[in-house]
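# Residue-level structural notes
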Amino acid sequence: MQTAKQLSVTLVNKPGRLAAMLNALAKEKVTLRALVVMDSGDRGKVRFVPSDFAAATEVLDKMNVRYEAADVLLVDVTNQSGAFRNMCERLATEHLNIDYAYCSFGGNNGSKGGGVAVIKVNDLGKAQKILTETPVASDRRPGRRPIHAR
């Protein structure tokens, strides 16, 4: 698990706008570790984790594309049923809010069959600590209320 800088941009929702931005990044040898594109009517929100943050911001500046930067966690997720759900539950148990999350294929260390979850949380340091701890055998910790009732 590691932290990374994510960039968020808003592009006009027209054919070729995303491709133009991706081509400009590729020309400067900036690869993407993760990417998500969301539609919001006449504009689209693009969030991505570049391999080289400084080079990516330089490209966006040259294109006159405004961006926002955020610190996110990159967490390897195993290819097991419930792996991502388990991470979410561990964070919720400790009262950490996930602002948003998306996944990418392929792990940070080239792991096969899993992926990388990009997670934006309200307390990055605490989330790192929780997700690096060995999970407790029980779903319920003493003194904590259950996440959901069955």
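The structure contained in this document is the topic of the report that follows. Predicted model only: the values in this text are computed from it and were never measured.

Conventions adopted
- Just so you know, the residues in each chain are numbered from 1, in the order the chain's sequence is written.
- Given that this is a predicted model, residues contribute local features only at a pLDDT of at least 70 and side-chain atom pairs are listed and counted only at 80 or more, while totals for whole chains, interfaces and linings are drawn from all residues.
- Hydrogen atoms and water are omitted, and side-chain values are computed over all heavy atoms in the structure.
- Distance thresholds for patches are 9 Å for like charges and 5 Å for nonpolar side chains (Val, Leu, Ile, Met, Phe, Trp, Tyr), applied to residues having over 30% relative accessible area and no salt bridge.
- All accessible areas in this document rest on Shrake-Rupley with a 1.4 Å probe, and a residue is counted as covered only by the protein chains that are shown.
- Just to be clear on terms, a salt bridge is a Lys or Arg side-chain nitrogen sitting within 4 Å of an Asp or Glu carboxyl oxygen.
- Only four residue types enter the tally: Lys and Arg on the positive side, Asp and Glu on the negative side, with His and both chain ends excluded.
- A charge is said to be at NZ when it belongs to Lys, at CZ for Arg, at CG for Asp and at CD for Glu.
- Going along the chain from the N terminus, every DSSP run of H or I of four or more residues is numbered as a helix, and every run of E of two or more is numbered as a strand.
- For every residue, the accessible area (1.4 Å probe, protein chains only) is compared with the maximum for its type, and the residue is labelled buried under 20%, exposed over 50%, or partly exposed between those bounds.
- Two cysteine sulfurs form what is called a disulfide whenever their separation falls within 2.5 Å.
- Put simply, two rings from Phe, Tyr or Trp (the six-membered ring, in Trp's case) pair if the centres are within 6.5 Å, and we call them stacked under 30 degrees between planes, edge-to-face over 60, tilted for the rest.
- Both a distance and an angle decide whether a charge sits over a ring: NZ of Lys or CZ of Arg must be within 6 Å of the ring centre and within 35 degrees of the ring normal.
- Contact criterion: two residues are considered in contact whenever any of their non-hydrogen atoms come within 4.5 Å of each other.

### Brief notes about a negative patch on the surface
A contiguous patch of negative charge, built from Glu28, Asp52, Glu58 and Asp61, is present on the exposed surface. Turning to its location among the elements, Glu28 is positioned in the loop between α1 (17–27) and β2 (32–40). Residue classification places Glu28 among the partly exposed positions, given a relative accessible area of 45%.

### Topic: the state of the cysteines
Per the stated rule, a full pass over the model turns up zero disulfides. Residue Cys88 stays outside any disulfide, its sulfur separated by 8.7 Å from that of Cys103, the closest cysteine. In this structure Cys88 comes out as partly exposed when scored by relative accessible area, which is 24%. When its relative accessible area of 49% is taken as the criterion, Cys103 is described as partly exposed.

### A closer look at helix α2 (residues 53–62)
An α-helix turns once every 3.6 residues. As a result, residues three or four positions apart point the same way. Of all the positions in α2, only Ala55, Ala56, Thr57, Val59 and Leu60 are classed as buried. Looking one or two residues beyond α2, the residue adopting positive phi is Asn64, at roughly 60°.

### What about the packing of aromatic side chains?
To describe a pair of aromatic rings, one takes the distance between the centres and the angle between the planes. Under the counting rule described, the total for this entry stands at zero aromatic pairs. In this arrangement the basic side chain of Arg47 is found over the ring face of Tyr100, its NZ or CZ atom lying 3.7 Å from the centre.

### What to know about the side chain of Gln6
Mapped onto the elements of the fold, Gln6 is located in strand β1 (residues 2–12). Apart from residues lying up to four places away in sequence, Gln6 is in contact with Arg47, Phe48, Val49, Glu68, Ala69, Ala70, Val72, Tyr100, Tyr102 and Val118.

Functional significance is not addressed by these values, which are geometric in nature.
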